[in-house]
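So you can see what is in the structure, the chains are spelled out below.
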Amino acid sequence: MDGEEMLHLPSGEATLLKDGDGTLSLDLSSPNPPMQAPEKGLHSDTLPGSQEDDSSAAQVTKSHRKLLKTSPVVQPNNDSSSSSSGVAVPLTPEILSQIQVSRKKLMKEICTKYKGNISRTVLPRDLVQLYVENKHKLLYCEVPKVGCSNWKRILIVLAGKASDTQSINHIKVHYGNLVGTLNRYSQPEIMRRLESYTKIAFAREPMERLVSAYRDKFENPNQYFHSLYGKPIIAKYRVNASKEALNTGDGVTFAEFVQYLLDVHRPVGMDIHWKPTNVLCNPCLIDYDFLGKFENMAEEANILLQQLGAPSNLTMPTSKDRSPESERTNKELTEKYFSQITMGDRQQLYDFYYMDYLMFNYSKPFTDLY
C-alpha cells in the first residue's frame, strides 16, 4: 500500500493504517484473521459433583474443529499501540470504537455458529456474575482473575459509596455488599436494565487466567480453598499422600490441579475462578456493548469510563489486589507451569477453554496443539 504504514494494535484483532498525511484508519481485515471455527457442534454434559452447569465448558475432540490461526500469543502492552519500527500509537476512543465493532462482530459469528439453536429468556441464574451500577446505568460481568476486584472498586466509587478506589480493601470489595448483582431484581427490572444499560465484559488469555487462579488459591495461604478443593484433590490424585496433606489440603501441585479440572468425575465441583469466561458471562444470551481485553485493560477501561461520564479523576487501578510483591502471571510464567504437565493435558486444557479462545479471539498458546 503506497504511502501507508501498518501499525499493529496490542489486542491483535486489527491493524492500523497510517497514510501519508498522518491519518489513522483501522483495517479490520487483519493479517491475523479470527480463528477458524470447528465444523461440528460441541458435546455438552454436566460433570458429576458440580453444583453448577458446566455444559458450555465441555471439552472438544479433534474431529470437532479446524486448526486455529498460528500467530503467537499477543504480548500485553498497557501503554500504547506500536508498529514494528517502534512508532507509538496511543489508543484513542475512535480506534477503540472500531476495535469494538470487530470484537462484537466476531462474537456474533461464533454465537450464531454454535449457539444458533438457543432461543430462550434470560433467567436470573444467567446473571449471577452481572453487577449493577444504577447511577451510570452500567452492568459489569465479573470474571475472576481478569481485574474483577479493581472493576468492582470502580463500580463502588461510581455508585457514590466510596470517594476513591484506594480506600476500598479486598474484604470490602468482595464481602461488603456495596454492589449487587442483576439476578436479585424482578424479571421486569432485569429486562429493563438489559435493554437500556451499558453491558461490559473483559476477557483474559485463558491459560494465563488459569495459572493466575491456581497461584492465588493454592500457592498462597487460603484455608477455604485448601479445605474445600485441596483436600479432595490430594485424596484422589496423589499417590501415598501424607496424613498432614490429607488433613490440610495444602500443597496441591499444578499437575494435580489440572487432573482435577480435566476429570469428568471431579471429586468437587467447578469454581468461578477457573470456569470459562463464556460460561460466566453468557455472551450469546447477553448482547454486550463493550468487550474488553485484560492485556490492555487500563487504556480500554479509562476510555470507557470517560464515555460513561465517570469523574475525571477516576481511572482503572493498575496495582495487584493481593500479594502485590509476587510476580504477575504472564506468558513466560504460564509456560513454566505448563512445562510441568504432559502434552496430552495441555491439549485437553486447550479443548476445555476452546470456546473462550474462539469468542475472544486468542491465539493458540502452544505450537504443539492441534
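Now for a description of the structure that goes with this document. Bear in mind the structure is a predicted one, so any value in this text is a computation, not a measurement. (Residues numbered from 1 in each chain as written. Predicted model: local features only at pLDDT ≥ 70, side-chain atom pairs only at ≥ 80, totals over all residues. Heavy atoms only, no water.)

Brief notes about the overall build of the chain
For the chain, the helix and strand inventory stands at 13 helices and ten strands. Looking at the chain as a whole, 51% of its 370 residues are labelled buried. Considering only contacts within the chain whose residues lie at least 6 apart along the sequence, 69% involve residues at least 24 apart. (Helix = DSSP H or I, 4+ residues; strand = E, 2+ residues; numbered from the N terminus. Buried < 20%, exposed > 50% of the residue type's maximum accessible area, 1.4 Å probe, protein only. Contact = heavy atoms within 4.5 Å.)

Description of the packing of aromatic side chains
The geometry of an aromatic ring pair comes down to the distance between the two centres and the angle between the two planes. On inspection of all chains with the given rule, the structure shows 24 aromatic pairs. Taken together, a centroid distance of 5.9 Å and an interplanar angle of 70 degrees make the contact between Tyr-214 and Tyr-337 edge-to-face. Here Tyr-214, found in helix α5 (residues 206–219), pairs with Tyr-337, found in helix α11 (residues 331–338); they are 123 residues apart in sequence, far enough to count as distant. Of the two residues examined, Tyr-214 and Tyr-337, each falls in the buried class. (Phe/Tyr/Trp six-rings, centres within 6.5 Å; stacked < 30°, edge-to-face > 60°.)

Some words on the pairing of strand β10 (residues 290–293)
Each regular strand carries side chains that alternate between the two faces of the sheet. Burial along β10 is two-sided: Phe-290 and Gly-292 facing one way and Leu-291 and Lys-293 facing the other are all buried. Bridge count between strand β9 (residues 198–203) and β10: four bridges; the pairing is parallel. When the sheet's bridge partners are listed, Phe-202 is paired in β10 with Gly-292. (Pairing = 2+ DSSP bridges.)

Looking at the nonpolar core
Grouped together as the largest cluster of nonpolar side chains are 94 residues, with contacts concentrated most on Trp-151, Trp-274 and Leu-349. When residues of this core are assigned to their parent elements, the largest contribution, eight residues, is made by helix α1 (residues 93–115). In this view, Trp-151 contacts Tyr-140, Ile-200, Phe-202, Met-297, Ala-301, Leu-304, Leu-305 and Met-316; residues no more than four positions away in its chain are not counted. (Core = buried A, V, L, I, M, F, W, Y, C linked by side-chain atoms within 4.5 Å.)

Here's the deal with the sheet that holds β9
A sheet is described by the order of its strands in space; here five strands give the open sequence β8-β6-β7-β9-β10, paired in mixed fashion. Both outer strands of the open sheet, β8 (180–181) and β10, are each paired with one neighbouring strand and no more. Where strand β6 (residues 130–133) lies against strand β7 (residues 138–141), four bridges are found, and the strand directions are antiparallel. If you follow Tyr-131 over to β7, its bridge partner there is Tyr-140. Helix α10 (residues 297–307) rests against β9 and β10 of the sheet, and its axis sits at about 150 degrees to β10. (Axes fitted to C-alpha atoms, helices over the stretch in contact; angles between N-to-C directions.)

Examining the environment of Ile-341
Note that Ile-341 resides in the loop between α11 and α12 (343–352). Taking the C-alpha atoms as reference, Ile-341 lies 9.5 Å from Gln-259; in sequence the two are 82 residues apart. Excluding anything up to four places from it in sequence, Ile-341 contacts Phe-254, Ala-255, Val-258, Arg-346 and Leu-349.

Quick word on the state of the cysteines
Under the definition given, this model contains two disulfides. With a sulfur-sulfur separation of 2.0 Å, Cys-111 is cross-linked through a disulfide to Cys-284. Here the disulfide of Cys-111 and Cys-284 is left-handed, its torsion about the S-S bond being about -85 degrees. Taken as a pair, Cys-111 in helix α1 and Cys-284 in the loop between α9 (277–281) and β10 lie far apart in primary sequence, 173 residues in all. A relative accessible area of 30% places Cys-284 in the partly exposed class. The disulfide partner of Cys-141 is Cys-281, and the S-S distance across this bridge is 2.0 Å. Between Cys-141 and Cys-281, the S-S dihedral sits near -95 degrees, and the bridge is therefore left-handed. Taken as a pair, Cys-141 in strand β7 and Cys-281 in helix α9 lie far apart in primary sequence, 140 residues in all. Both residues of the pair, Cys-141 and Cys-281, count as buried. Indicated for the chain is the disulfide connectivity 1-4, 2-3, based on numbering the bonded cysteines in sequence order. (Disulfide = S-S within 2.5 Å.)

Keep in mind that these numbers describe shape and distance, not what the molecule does.
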